[in-house]
Amino acid sequence: MHLSKSAAIYIAGHRGMVGSAIVRRLQALGYTNLITAPHAELDLTDQAAVRAFFARQRIDVVVLAAAKVGGIHANNTYPADFIYDNLMMECNVIHAAHHAGVQRLLFLGSSCIYPRMAPQPMREDALLTGTLEPTNEPYAIAKIAGIKLCESFNRQHGRDYRSVMPTNLYGPGDNFHPENSHVIPALISRFHDAVQTGAKEVIIWGSGTPMREFLHVDDMAAASVHVMELPLDVYQAHTQPMLSHINVGTGMDCTIRELAETIARVTGFTGQLVWDRTKPDGTPRKLMDVTRLAALGGRAAFSLEEGLQAAYRWFLQNVSSLRK
């Protein structure tokens with residue numbers, strides 16, 4: 001199946017950080033028939049509504065970027081919401097796509113699918129080989145189910161449903177909520193406020209020793225669309241029927257302390273970093289093995305500092321609306 005630039009591509013979750021980056025990438029590549037539907041028009045957890053939407057539209061390709069996401073605090077506080085909402089969205093969209101005759105679909109997951117103590121860097125075949133990180137297990141299980149849904153429709157019905165697993169993302173459209181955000185937007189917001197108020201210190205959760213990999217969302221979008229566009233025989237040559245997902249990352253990581261020091265530098269904060277060791281660290285290390293992606297021609301363009309500078313510029317341009 002060759003993808004025409006006029007192919008009807010439905011992007012589920014187009015207003016989120018991931019979905020909006022996918023839309024930007026598709027538009028930059030010249031795709032002209034992008035289909036979107038905001039939550040007010042289509043609740044993806046409503047099976048009947050999703051089936052009716054697919055029946056009304058003439059969709060050639062689906063990009064399933066919709067998800068309920070959040071940091072450690074949000075995952076710990078709302079585990080039922082995270083597993084239920086994500087399972088329902090995946091089941092409804094993938095099932096409806098199949099019944100509507102959509103042959104190609106791209107599902108976006110997360111690096112949290114891998115076991116807490118997976119060998120580093122994490123290869124795709126580490127999936128289901130150990131215990132998950134407790135703080136985000138419900139979300140991780142939902143994302144694993146999404147991969148297996150895609151693989152099962154491929155095996156039983158001959159569909160071409162693919163999965164990419166991005167590492168920790170940041171960039172335009174990120175969630176800067178003071179309690180429910182991920183580490184980079186939380187730190188950008190906190191350091192920015194400290195600079196504005198002249199604060200002498202910033203308190204950061206944990207010990208600063210866990211290691212994480214971070215990918216600018218525009219790099220994620222470029223790699224994901226690249227995987228979506230691959231001819232089926234090329235995609236299948238680098239995957240297996242029951243191990244079909246592809247890691248998307250940089251292949252490099254840093255400690256949370258190094259991340260915080262870089263964000264402090266980017267935002268101009270010169271005070272002290274104070275580590276609150278009573279708060280959880282989460283998984284000790286999460287680094288993706290991106291050998292598969294590299295073999296397919298995918299690689300990141302942003303260095304971490306360059307990406308953080310771009311993210312902070314976007315934050316400054318949008319801070320008034322983000323704080324409403």
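Structure: see above.
Anyway, here's the lowdown on the structure attached to this text. The structure displayed is predicted, hence computed values, not measured ones.

## Re the overall build of the protein chain
When its secondary structure is counted, the protein chain shows eleven helices and 13 strands. Against the 2.2 N^0.38 benchmark of 20 Å for 324 residues, the protein chain shows a C-alpha radius of gyration of 19 Å, consistent with a compact globule. Residues counted as buried form 52% of the 324 residues belonging to the protein chain. When the accessible area of the protein chain is evaluated, it comes to approximately 14,400 Å², of which 52% is carbon and sulfur surface. Taking the average place of the 30 positive charges on the side chains of the protein chain and the average place of its 30 negative ones, the gap between the two points comes to 2 Å.

## Considering the side chain of Ser-163
With respect to the secondary-structure elements, Ser-163 resides in strand β5 (residues 160–166). In this structure Ser-163 touches Phe-107, Ile-147, Cys-150, Tyr-235, Ser-244, His-245 and Ile-246, once residues within four positions along its chain are discounted.

## Things to note about the packing of helix α2 (residues 47–56) against helix α4 (residues 79–99)
For any two helices packed against each other, one specifies the inter-axial angle together with the distance between the axes. Contact geometry of α2 with α4 gives a least axis separation of 9 Å together with a crossing angle of 35°. As α2 runs across α4, the sense of the crossing is right-handed. In this structure, α2 uses Gln-47, Val-50, Arg-51 and Phe-54 to contact α4, whose residues at the interface are Asn-92, Val-93, His-95, Ala-96, Ala-97 and His-99. Looking at side-chain class alone, the contact of α2 with α4 contains five nonpolar, four polar and one charged residues.

## Structural notes on the sheet that holds strand β2 (residues 34–35)
Strand pairing in a sheet is mediated by backbone hydrogen bonds. Such pairs are either parallel or antiparallel. Strand order in the open sheet formed by six strands is β2-β1-β3-β4-β5-β10, with parallel pairing between adjacent strands. Every interior strand has two partners, whereas the edge strands, β2 and β10 (245–248), have only one. Each of β1 (9–12), β2, β3 (61–64) and β4 (104–108) touches helix α1 (residues 17–28); the most contacted strand, β1, lies at about 155° to it. Relative to the sheet, helix α5 (residues 137–157) contacts β4, β5 and β10, its axis offset from that of β5 by approximately 155°.

## Structural notes on the nonpolar core
Counting residues in each nonpolar core, the largest one holds 74 residues, and the members touching the most others are Tyr-10, Ile-22, Phe-54 and Met-220. Apart from residues no more than four positions distant in its own chain, Phe-54 is found in contact with Tyr-10, Ile-59, Val-62, Val-93, Ala-96, Ala-97, Ala-100 and Val-102.

## Examining the side chain of His-14
Among the structural elements, His-14 can be located in the loop between β1 and α1. Apart from the residues within four sequence positions on either side, His-14 is in contact with Gly-19, Ser-20, Val-23, Thr-36, Ala-37 and Pro-38.

## Quick notes on the sheet that holds strand β8 (residues 211–212)
What the three strands build is an open sheet, ordered β11-β8-β13; its pairing is mixed. A strand with exactly one partner marks an edge of an open sheet, and here the two such strands are β11 (254–255) and β13 (285–286). Pairing between β8 and β13: two bridges, direction parallel. Counted as the bridge partner of Met-211 is Arg-285 from β13.

## So, the packing of aromatic side chains
What describes a pair of aromatic rings is the distance from one ring centre to the other and the angle between the planes of the rings. Scanning the model with the defined rule gives nine aromatic pairs in all. A centroid spacing of 6.4 Å and a plane angle of 45° characterise the contact between Phe-153 and Tyr-161, whose relative ring orientation is tilted. Tyr-161 shares its class with Phe-153; the two are buried. Their ring planes at 40° and their centres at 4.9 Å tell us that Phe-176 and Phe-315 sit as a pair that is tilted. Taken together, the residues Phe-176 in the loop between β6 (168–170) and α6 (183–197) and Phe-315 in helix α11 (residues 304–322) connect sequence positions 139 residues apart. An identical accessibility class is assigned to Phe-176 and Phe-315; each is buried. Among the aromatic residues, those joined into a ring-pair cluster are Phe-176, Tyr-312, Trp-314 and Phe-315. Sitting over the face of the ring of Phe-82, Lys-68 holds its NZ or CZ atom 5.6 Å from the ring centroid. For the cation-ring pair, Arg-162 lies above Tyr-235, with the distance from its terminal atom to the ring centre recorded as 4.7 Å.

## Considering the pairing of β3
Where burial is concerned, the two faces of β3 agree: the one with Val-61 and Val-63 and the one with Val-62 and Leu-64 are both buried. In the sheet, β3 pairs with β4 via four bridges, with the strands oriented parallel. Counterpart to Val-62 in the pairing with β4 is Leu-105.

The rules behind each value
- Residues numbered from 1 in each chain as written.
- Predicted model: local features only at pLDDT ≥ 70, side-chain atom pairs only at ≥ 80, totals over all residues.
- Heavy atoms only, no water.
- Helix = DSSP H or I, 4+ residues; strand = E, 2+ residues; numbered from the N terminus.
- Rg over C-alpha atoms; globule rule 2.2 N^0.38 Å.
- Buried < 20%, exposed > 50% of the residue type's maximum accessible area, 1.4 Å probe, protein only.
- Areas by Shrake-Rupley, 256 points an atom, 1.4 Å probe, with all protein chains shown as cover.
- Lys, Arg positive; Asp, Glu negative; His and termini not counted.
- Charge placed at Lys NZ, Arg CZ, Asp CG, Glu CD.
- Contact = heavy atoms within 4.5 Å.
- Axes fitted to C-alpha atoms, helices over the stretch in contact; angles between N-to-C directions.
- Left-handed = near helix turned anticlockwise from the far one by under 90°.
- Nonpolar A, V, L, I, M, F, W, Y, C, P; charged D, E, K, R; others polar.
- Pairing = 2+ DSSP bridges.
- Core = buried A, V, L, I, M, F, W, Y, C linked by side-chain atoms within 4.5 Å.
- Phe/Tyr/Trp six-rings, centres within 6.5 Å; stacked < 30°, edge-to-face > 60°.
- Lys NZ or Arg CZ within 6 Å of the ring centre and 35° of its normal.

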